Amino acid sequence: MTTVGVSAEFIGFHAGRGIYRIDLSQVPLSTIQSIAFIDDGIRSGGSGGSSGADIDFVSISTTYSDSVLVPTGEALNPEVVYRPGFLTQWTDGDRPLWNTSHLFGTNPGNVFDPAQATLGTIDGSNDASTGTLSLGEGGQATLLLNRSFTTGQGGSEKHYIYFGEYGSQARDQDGLSILVSDEKAALGKAAIAGPMGLNLTGDERSEEIALGRGINTHVGAGDDVISGMAGSDKIFAWKGNDHLYGGADDDWLYGEAGKDRLYGE
């Protein structure tokens, strides 16, 4: 199996969602059968159910287009390997609909629900609460395609991936990396057996990052790397061999189980 990273080109905004295109001819593979979307784990964007990158739709087409009106592509109906990331605590001033205990596109417990995520349809709401799949900070989703798609290498038919994302509302890809593979298999950390460790980075605010408790009981069992950055932060790890970095200001670091390393400034 060969897995490579790809870059996405921003086309424009449509009804609040950013529209991106991936030219598969950049890929040194003859075909692809898996696509992974991976949040960068940097605290940004929404909170609660909208934490992390919010994927509205994914489409594959043989048509090149610079229009935000995405060309009709083949219905993918993929199997999805979903590894939810960290839910940032909702606070006053955030959108009320974000105040949920699980990520959008999932059922309670952050279990992927295709009927809610609707990744094959351009139907997400502007606040990302319906018709989207939120990855959570540091989370990821691999789409296992029901057939191979040619990339244009060796004179084969060229395909383009189009997708929509409700992230920062800025003109760049919001903390998201993308992998493709020529085999139908989970990619990134999802390909590793056992609990998935997270790489999380806070921002300038004073915040609490607590794994294995509250709305984040689903994360923290792996080997995590958490950086508080600025602000007076409280960081609670859980299981695994974790690395905690307080950064500037007065921080509280709690390692709990495992062989942990704590770093202050």
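Residues numbered from 1 in each chain as written. Predicted model: local features only at pLDDT ≥ 70, side-chain atom pairs only at ≥ 80, totals over all residues. Heavy atoms only, no water.

Side note on the overall build of the protein chain
Move 1: A tally of regular secondary structure across the protein chain gives one helix and 19 strands.
Move 2: Summarising its shape, the C-alpha atoms of the protein chain cover approximately 55 × 40 × 30 Å along the three principal directions.
Move 3: Burial status across the protein chain gives 51% buried among its 265 residues.
Move 4: Across the protein chain, every contact between residues at least 6 apart in sequence was considered, and the portion connecting residues at least 24 apart equals 68%.
Move 5: Summing over all exposed atoms, the protein chain offers an accessible surface of approximately 11400 Å²; the carbon and sulfur share of this is 50%. (Helix = DSSP H or I, 4+ residues; strand = E, 2+ residues; numbered from the N terminus. Buried < 20%, exposed > 50% of the residue type's maximum accessible area, 1.4 Å probe, protein only. Contact = heavy atoms within 4.5 Å. Areas by Shrake-Rupley, 256 points an atom, 1.4 Å probe, with all protein chains shown as cover.)

Some thoughts on the pairing of strand 5 (residues 54–61)
Move 1: With eight of eight residues buried, strand 5 lies mostly within the body of the structure.
Move 2: In this sheet, strand 9 (residues 133–134) lies alongside strand 5 in antiparallel orientation, the contact comprising two bridges. Each bridged residue has a counterpart across the sheet, and for Asp54 the counterpart in strand 9 is Ser134. (Pairing = 2+ DSSP bridges.)

Some thoughts on the sheet that holds strand 16 (residues 234–236)
Move 1: Strand order across the open sheet formed by three strands is 14-16-18, with parallel pairing between neighbours. The sheet is open, and its two borders are formed by strand 14 (208–210) and strand 18 (252–254), each paired with just one other strand. For this sheet, the mean angle separating the axes of adjacent strands, direction not counted, is 5°.
Move 2: Taken together, the three bridges between strand 16 and strand 18 define a ladder with parallel strand orientation. Bridge assignment links Ile235 to a residue of strand 18, and that residue is Leu253. (Axes fitted to C-alpha atoms, helices over the stretch in contact; angles between N-to-C directions.)

Thoughts on the confidence of the model for the protein chain
Move 1: Residues with a pLDDT of 70 or more make up 97% of the protein chain, whose mean pLDDT is 90.
Move 2: The secondary structure element of the protein chain with the lowest average pLDDT is strand 19 (residues 261–263), at 89, and the one with the highest is strand 8 (residues 111–112), at 97.
Move 3: Low pLDDT, under 50, characterises residues 168–173; the stretch is placed with 11 contacts to residues that sit more than four places away or in other chains. (pLDDT = per-residue confidence, 0-100.)

Here's the deal with the environment of Ser51
Move 1: Along the chain, Ser51 turns up in the loop between strand 4 (31–39) and strand 5.
Move 2: Relative accessible area serves as the criterion here: at 0%, Ser51 is assigned to the buried category.
Move 3: Distance from Ser51 to Gly136, taken between C-alpha atoms, is 4.5 Å for residues 85 residues apart in sequence.

Quick notes on unusual backbone geometry
Move 1: In this structure, Asn110 takes a positive phi of about 60° despite not being glycine.
Move 2: Residue position: Asn110 is located in the loop between strand 7 (106–107) and strand 8.
Move 3: The buried category is assigned to Asn110, whose relative accessible area is 6%.
Move 4: Unlike most non-glycine residues, Thr118 shows phi in positive territory, near 40°.
Move 5: Within the secondary structure, Thr118 is located in the loop between helix 1 (114–117) and strand 9.
Move 6: We classify Thr118 as buried; its relative accessible area is 19%.

Concerning the sheet that holds strand 11 (residues 160–165)
Move 1: Within the open sheet, the five strands sit side by side as 2-3-11-5-9. Their pairing is antiparallel. The two strands at the open ends of the sheet, each matched to only one other strand, are strand 2 (9–14) and strand 9.
Move 2: Examined bridge by bridge, strand 2 and strand 3 (residues 17–23) share five bridges and lie antiparallel to one another. Considered in strand 3, the bridge of Gly12 is made with Ile19.

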